[in-house]
Amino acid sequence: MIDTTLMAERYQSARDLFLSNADKAGWEAHSLLHPLKGPQGIDLYTDVIHTGNPDSENLLMISSGTHGIEGYLGSEIQSRLLAENVIAPDRADRHVVMVHAVNPYGFAWHRRVNEDNIDLNRNFIDFGAPLPENEGYEAFRALLNPAEWDEGYEEKLKAEAALAIERMGLGALFKSVSGGQYEHPSCIQYGGQGPCWSRRMMEDVWTQVMANKRRATQIDLHTGLGSPGEGVLMTYGKDEQTRIKRARAMWQDIFVSPPAETDDTLTTGVLGPHLENMFADRDILAVVLEYGTKEPVDVLHAIAADNWLHHHGDVDSERGALIKQLMLDAFYLSDTSLREKSYQRARNVVVAAENAG
């Protein structure tokens, strides 16, 4: 089981290894302090490191922890890339940046969301315009956001979710639930009412590193969707777009790009498209490298349980420890062979991106 002491130690160990490996590899580091504390009152940071030539017109960025707890596998990948010196530090034609723990609060507290219960990948919208509506969410809101939680309810949730997948298909259910909502702050998949800390921070970092850049590739590491340990690169667009052609040329059969008009497409509020749109006149390709972990029903169960815990339960209780372990199991790979498989895929992806020029 995991208690808050072990949660704090896990976060701190991941961060310490990342920064230590960055220092050994000769990367420059800058740490951004989050305004809130982590388990056991520890300080939380987003760490930004870089190497190569900041004045180059080409940028490669690799980020982790946009969805909090998903950062543990992402952190291991980033740290090992540094330890093995996969990225050449002295290239004059490339500037390479790593962002460790985009959402450090969720990272440390073993949550997918941030300090405001916000799914960060639903927060990158124009809050000056009418908020997005997701009619499909209401059909599942009561099921996924109960006031009471026990083993009987867990079985009910998983059974009904499995029936919904059978009835609707995984893609349609994913869009209904993960498409986000902006009306219920204490419910899962909340997008917020304004830009959160992590969004503002990423916008500032992106603006700084994009100075003088004409071309950029941004890879955001995620877990929880797909076959265990299988890494798939994803974005959305039309085949004739320059960015999609570039992605296919770099990554070939491990790159997936559903047509932009696909019914199951989810781009509203997502980090990557927002970064692309911030500099729409540049050649920017933002993708997600997604790794599978558990079955979709188990992942959804963990998200719902964690949301119940933080709004109705006690993190320091025995049940709280069990739910935190449930979250770790849903978004991290305990199997060393699967983690090795994940790393090798990430290494190949990064090498291809760096060599693409």
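Residues numbered from 1 in each chain as written. Predicted model: local features only at pLDDT ≥ 70, side-chain atom pairs only at ≥ 80, totals over all residues. Heavy atoms only, no water.

1. A short note on the nonpolar core
Here is step 1 of the chain: Judged by nonpolar contacts, the single largest core of 76 residues is most densely connected at Trp27, Met98, Ile219 and Trp251.
Here is step 2 of the chain: Of the residues forming this core, the biggest block, nine residues, is contributed by helix 10 (residues 296-312).
Here is step 3 of the chain: Not counting residues within four places of it along the chain, the set of residues in contact with isoleucine 219 comprises Leu60, Met61, Ile62, Ser63, Trp251, Val287, Leu289, Val349 and Ala353.
Here is step 4 of the chain: Ranked by size, the runner-up nonpolar core spans 23 residues in total, among them Leu59, Tyr190, Trp197 and Trp206. (Core = buried A, V, L, I, M, F, W, Y, C linked by side-chain atoms within 4.5 Å. Buried < 20%, exposed > 50% of the residue type's maximum accessible area, 1.4 Å probe, protein only. Helix = DSSP H or I, 4+ residues; strand = E, 2+ residues; numbered from the N terminus. Contact = heavy atoms within 4.5 Å.)

2. Here's the deal with the packing of helix 10 against helix 11 (residues 318-331)
Here is step 1 of the chain: Contact geometry for helix 10 and helix 11: axes closest at 9 Å, N-to-C directions at 145°. The way helix 10 lies across helix 11 gives a crossing that is left-handed. Across from Val299, His301, Ala302, Ile303, Ala305, Asp306, Trp308, Leu309 and His310 in helix 10, the residues of helix 11 making contact are Arg319, Gly320, Ile323, Lys324, Leu326, Met327, Ala330 and Phe331.
Here is step 2 of the chain: Across the contact of helix 10 with helix 11, the residue classes break down as eleven nonpolar, three polar and three charged. (Axes fitted to C-alpha atoms, helices over the stretch in contact; angles between N-to-C directions. Left-handed = near helix turned anticlockwise from the far one by under 90°. Nonpolar A, V, L, I, M, F, W, Y, C, P; charged D, E, K, R; others polar.)

3. Focus on the pairing of strand 1 (residues 28-37)
Here is step 1 of the chain: As defined by bridge partners, strand 1 adjoins strand 2 (residues 43-52) across seven bridges and the pair is classed as antiparallel. Each bridged residue has a counterpart across the sheet, and for glutamate 28 the counterpart in strand 2 is histidine 50. (Pairing = 2+ DSSP bridges.)

4. So, helix 5 (residues 151-168)
Here is step 1 of the chain: Spanning 18 residues, helix 5 covers 26 Å between terminal C-alpha atoms, matching the ideal 26 Å at 1.5 Å per step.
Here is step 2 of the chain: What helix 5 keeps buried is the set Tyr153, Glu154, Leu157, Ala161 and Ala164. One face of helix 5 carries all of its buried residues, which in axial projection span an arc of 105°. Exposed positions of helix 5 whose direction lies more than 90 degrees from the buried face are Glu151, Leu163, Glu166 and Arg167. (Expected span 1.5 Å × (residues − 1). Arc of directions from axis to C-beta.)

5. Observations concerning the packing of aromatic side chains
Here is step 1 of the chain: According to the stated counting rule, one finds six aromatic pairs in the structure shown.
Here is step 2 of the chain: Centre to centre, the rings of tryptophan 149 and tyrosine 153 are 5.6 Å apart; their planes meet at 50°, and the pair counts as tilted. Side by side, tryptophan 149 and tyrosine 153 carry an identical accessibility label, which is buried.
Here is step 3 of the chain: Seen in terms of ring centroids, tryptophan 251 and phenylalanine 255 are 6.5 Å apart; in terms of plane orientation they differ by 40°. Their pairing is tilted. Accessibility classification places tryptophan 251 together with phenylalanine 255 in one group, the buried group.
Here is step 4 of the chain: Through pairs of rings, three or more aromatic residues link up here, namely Tyr11, Tyr72 and Phe107.
Here is step 5 of the chain: Above the face of the tyrosine 72 ring, arginine 10 is positioned so that its terminal group lies 5.7 Å from the ring centre. (Phe/Tyr/Trp six-rings, centres within 6.5 Å; stacked < 30°, edge-to-face > 60°. Lys NZ or Arg CZ within 6 Å of the ring centre and 35° of its normal.)

6. Describing the pattern of salt bridges
Here is step 1 of the chain: According to the stated counting rule, one finds 21 salt bridges in the structure shown.
Here is step 2 of the chain: We note a salt bridge from aspartate 47 to arginine 15, for which the minimum N-O separation is 2.7 Å. Placement of the pair is aspartate 47 in strand 2 and arginine 15 in helix 1 (residues 4-25), with a sequence separation of 32 residues.
Here is step 3 of the chain: For glutamate 276, the salt bridge is made with arginine 243, and the minimal N-O distance between the two is 3.0 Å. With glutamate 276 in helix 9 (residues 271-278) and arginine 243 in helix 8 (residues 242-251), the pair connects residues that are 33 residues apart, well separated along the chain. (Salt bridge = Lys/Arg side-chain N within 4 Å of Asp/Glu carboxyl O.)

7. Digging into the side chain of serine 56
Here is step 1 of the chain: Relative to the elements of secondary structure, serine 56 occurs in the loop between strand 2 and strand 3 (58-63).
Here is step 2 of the chain: Classification of serine 56 as buried rests on a relative accessible area of 6%.
Here is step 3 of the chain: From its side chain, serine 56 meets the backbone nitrogen of asparagine 58 in a polar contact 3.0 Å long. (Polar contact = N/O pair within 3.5 Å; in protein donor to acceptor, adjacent residues only side chain to side chain.)

8. Comments concerning helix 2 (residues 71-83)
Here is step 1 of the chain: Counted at 1.5 Å a residue, the expected span for helix 2 with its 13 residues is 18 Å, and the 18 Å between its end C-alpha atoms agrees.
Here is step 2 of the chain: Most of helix 2 is tucked away: ten of the 13 residues are buried.
Here is step 3 of the chain: Within the span of helix 2, buried status applies to Gly71, Tyr72, Leu73, Gly74, Ser75, Ile77, Gln78, Ser79, Leu81 and Leu82.
Here is step 4 of the chain: In the segment just after helix 2, asparagine 85 is the residue with positive phi, at about 50°.

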